[in-house]
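Commentary on secondary and tertiary structure
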Amino acid sequence: MTTVITYGTFDLMHIGHLNLLERLAAMGDELIVAVSTDEFNQVKGKHSLFSYEERARLVGALACVDKVIPEHNWQQKEQDVKAYQVDIFGIGNDWQGKFDHLPCEVVYLERTPTISTTQLKRSLSQIDPEAIRQIKQGLDGVLNIVKALE
Ligand code: CTP
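Structural notes, computed from the coordinates. (Residues numbered from 1 in each chain as written. Predicted model: local features only at pLDDT ≥ 70, side-chain atom pairs only at ≥ 80, totals over all residues. Heavy atoms only, no water.)

**Comments concerning the overall build of the chain**
Secondary structure summary: the chain contains six helices and five strands in total. Its helices and strands taken in sequence order, the chain reads β-α-β-α-α-β-α-β-β-α-α from the N to the C terminus. The principal-axis extents of the C-alpha atoms in the chain amount to approximately 60 × 35 × 25 Å. With an accessible surface of roughly 9300 Å², the chain has 55% of that area assigned to carbon and sulfur atoms. Computed over 15 positive and 21 negative side-chain charges, the inter-centroid distance for the chain is 5 Å. (Helix = DSSP H or I, 4+ residues; strand = E, 2+ residues; numbered from the N terminus. Areas by Shrake-Rupley, 256 points an atom, 1.4 Å probe, with all protein chains shown as cover. Lys, Arg positive; Asp, Glu negative; His and termini not counted. Charge placed at Lys NZ, Arg CZ, Asp CG, Glu CD.)

Written as structure tokens, this is what we have:
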């Protein structure tokens, strides 16, 4: 039985997250994902749009994820590796070399290019609210037509 673990915020779940989690799951039999709590995100200087509970539920709903645990601080990785009898710690290569000291195999996977939560937040903040209102109005109109045809 090979146990793999990873850590992250996983806000605004995107294809880069899924690619990483699927590749990690393929390395073993069980994938544990430690999702950063809202309090720990503050320590990291991150503000997530979705709460810990929401992010943890979304990650836990993925077929490739077996278990979700909270990540409360930087130090817990060492204890987790022992407590969960972890064989492989894996994370994106934006963290290259940062976790080499952990008492298990450590792998850094290439990030999926051109997507990140930061990038998504930036794009979302540039959308004109009036454009969103018009898109919604258009969609409501289509829904009404579909309902009338039913
Ligand atoms: N990740 C990845 N490819 C991406 C984005 C993220 O492989 N394009 C990986 C990260 O390397 C990390 C995990 O997904 O191992 C969780 O990363 P997280 O920081 O939650 O996501 P980011 O999109 O990198 O968020 P941010 O822009 O806030 O750093």
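This is not the end of the story, as more comes after the structure.
**Observations regarding the site of the ligand**
Around the ligand sit 16 residues in total, of which D94, T112, I115, T117 and T118 are the nearest. The side chain of H17 places a nitrogen or oxygen atom 2.9 Å from an oxygen atom of the ligand. In the model, an oxygen atom of the ligand is placed 3.1 Å from a nitrogen or oxygen of the R111 side chain. For the ligand, whose unbound accessible area comes to 570 Å², protein coverage reaches 91%. The biggest single contributor to the shell around the ligand is helix α1 (residues 15–25), with three residues. Grouping the constituent residues of the shell around the ligand by class yields four nonpolar, nine polar and three charged. (Near = heavy atom within 4 Å. Polar contact = N/O pair within 3.5 Å; in protein donor to acceptor, adjacent residues only side chain to side chain. Nonpolar A, V, L, I, M, F, W, Y, C, P; charged D, E, K, R; others polar.)

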